[in-house]
Amino acid sequence: DTTAWSSARLGMEEAAGALGVELRFLTPTTANNGAEQNQLARREAENGAKALVIIPAEPESLDREMASWDSHCPVVSVESALEKSVLSVTPDNAQVGRAAAEELLADWTGGAVLLLETGGRGSGVSQRLEAARTLLSQAGIPCIQRRADAARLNESLSGLLRETEARWVMTFGPLATAQAAAGKETSGWTQPLYGAGVTMRVASALERGTVTAAVAWSDYAAGYLAVQGAAQAARGQDPAKEAVPFLVVRGDEIYAPENEKLLFPVTY
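This text gives an overview of the structure that appears in the document. (Residues numbered from 1 in each chain as written. Predicted model: local features only at pLDDT ≥ 70, side-chain atom pairs only at ≥ 80, totals over all residues. Heavy atoms only, no water.)

What follows covers the side chain of D63. Within the secondary structure, D63 sits in helix 3 (residues 59–67). Among buried Asp, Glu, Lys and Arg side chains, D63 stands out as unpaired, with K84 the closest opposite charge at 6.4 Å. Filtering out sequence-adjacent residues up to four positions away, D63 remains in contact with L82, E83 and K84. (Helix = DSSP H or I, 4+ residues; strand = E, 2+ residues; numbered from the N terminus. Buried < 20%, exposed > 50% of the residue type's maximum accessible area, 1.4 Å probe, protein only. Lys, Arg positive; Asp, Glu negative; His and termini not counted. Salt bridge = Lys/Arg side-chain N within 4 Å of Asp/Glu carboxyl O. Contact = heavy atoms within 4.5 Å.)

Written out as structure tokens, the structure is:
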């Protein structure tokens with residue numbers, strides 16, 4: 001339950017009001033705790049929830065968990081795809097990773113790129129990183145991959161940069177991008193930062209030049225589509241499948257009309 005999901009929650013609540021459904025929000029006690037999330041999901045399915053909307057911490061583990069359920073409870077996943085979900089509301093994560101890498105490739109003047117892995121196995125974050133790493137490696141750019149806690153990147157990233165001597169940094173989720181930007185501003189490291197997922201904090205960092213470029217999509221729209229799909233599944237209907245569009249934003253572009261609506265959603 002972080003500010004990274006505030007826009008998604010707004011979209012979920014808007015959809016619930018429009019569709020006449022009741023929402024309950026549950027979060028693990030620690031971030032990205034896949035085992036606890038699996039337990040929460042099983043409990044809610046067994047206790048009669050009509051549908052679940054889940055942002056998977058560990059997609060592969062959650063798929064195995066869902067396969068063992070006795071109850072039939074439709075699941076809609078957000079950000080990361082699940083094999084057992086009736087609908088996955090996510091941008092094309094591989095395309096997101098490639099788009100971020102292409103921005104860095106256009107600016108690259110030499111040196112290694114630090115790729116920060118902050119997602120669980122099979123997650124959307126991991127898929128974005130792998131696609132970016134593949135594109136950069138094919139272009140002959142040296143890549144260094146490190147595992148990191150997204151919530152603590154503001155504290156840990158300076159040490160990783162000293163260790164690796166990387167000259168470029170890439171993150172692949174909204175919280176990781178925001179925390180990396182915060183660390184850059186407090187610690188004073190100067191390596192260009194490229195991210196994925198834009199919250200208000202990331203938009204501000206883009207405006208200040210702390211983040212060079214980020215791939216953005218509407219978390220508000222994703223939240224709305226997820227609850228809409230869950231309501232349809234709960235009512236025995238086939239959920240409408242709509243891809244979540246994305247675009248690349250640089251600091252001097254955030255107030256372009258098409259970007260402003262995406263980055264600063266307003267409930268009408």
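Position of T90 relative to the elements: it lies in the loop between strand 3 (87–89) and helix 4 (93–107). Residue T90 is classed as buried on the basis of its relative accessible area, which comes to 15%. A polar atom in the side chain of T90 sits 2.9 Å from the backbone oxygen of E79. Within the structure, T90 has its side chain in polar contact with the side chain of N93 (distance 3.1 Å). Among residues more than four places away in sequence, those in contact with T90 are E79, S80 and V244. (Polar contact = N/O pair within 3.5 Å; in protein donor to acceptor, adjacent residues only side chain to side chain.)

This part covers unusual backbone geometry. Excluding glycine, most residues fall at negative phi; most peptide bonds, likewise, are trans. We note that E79 has phi near 80 degrees; this positive angle belongs to a residue other than glycine. Mapped onto the elements of the fold, E79 is located in the loop between strand 2 (75–78) and strand 3. By relative accessible area, E79 is classed as buried at 12%. With phi around 60 degrees, E165 is a residue other than glycine that occupies positive phi space. A relative accessible area of 65% places E165 in the exposed class.

Now for the pattern of salt bridges. Counting across every chain of the model gives 14 salt bridges. Between R43 and E44 there is a salt bridge; the shortest N-O distance is 2.9 Å. With relative accessibility at 39%, the residue R43 sits in the partly exposed group. The class for E44 is buried, based on a relative accessible area of 10%. Notably, a salt bridge pairs R250 with D107, separated by 2.9 Å at the nearest N-O pair. Taken together, the residues R250 in strand 9 (residues 246–250) and D107 in helix 4 connect sequence positions 143 residues apart. Taking relative accessible area as the criterion, R250 reaches 22% and is therefore assigned partly exposed. Where salt bridges share partners, they join R24, R43 and E44 into one cluster.

Let's shift gears to the sheet that holds strand 3. Spatial ordering of the open sheet is given by 1-2-3, a layout of three strands whose pairing is parallel. Two strands bound the open sheet, and with one partner strand each, they are strand 1 (52–54) and strand 3. Each strand of the sheet is rotated relative to its neighbour by a mean of 20 degrees, with strand direction disregarded. Sheet topology places strand 1 next to strand 2; three bridges connect them, and they run parallel. Bridging from a neighbouring strand, L52 pairs with V75 of strand 2. (Pairing = 2+ DSSP bridges. Axes fitted to C-alpha atoms, helices over the stretch in contact; angles between N-to-C directions.)

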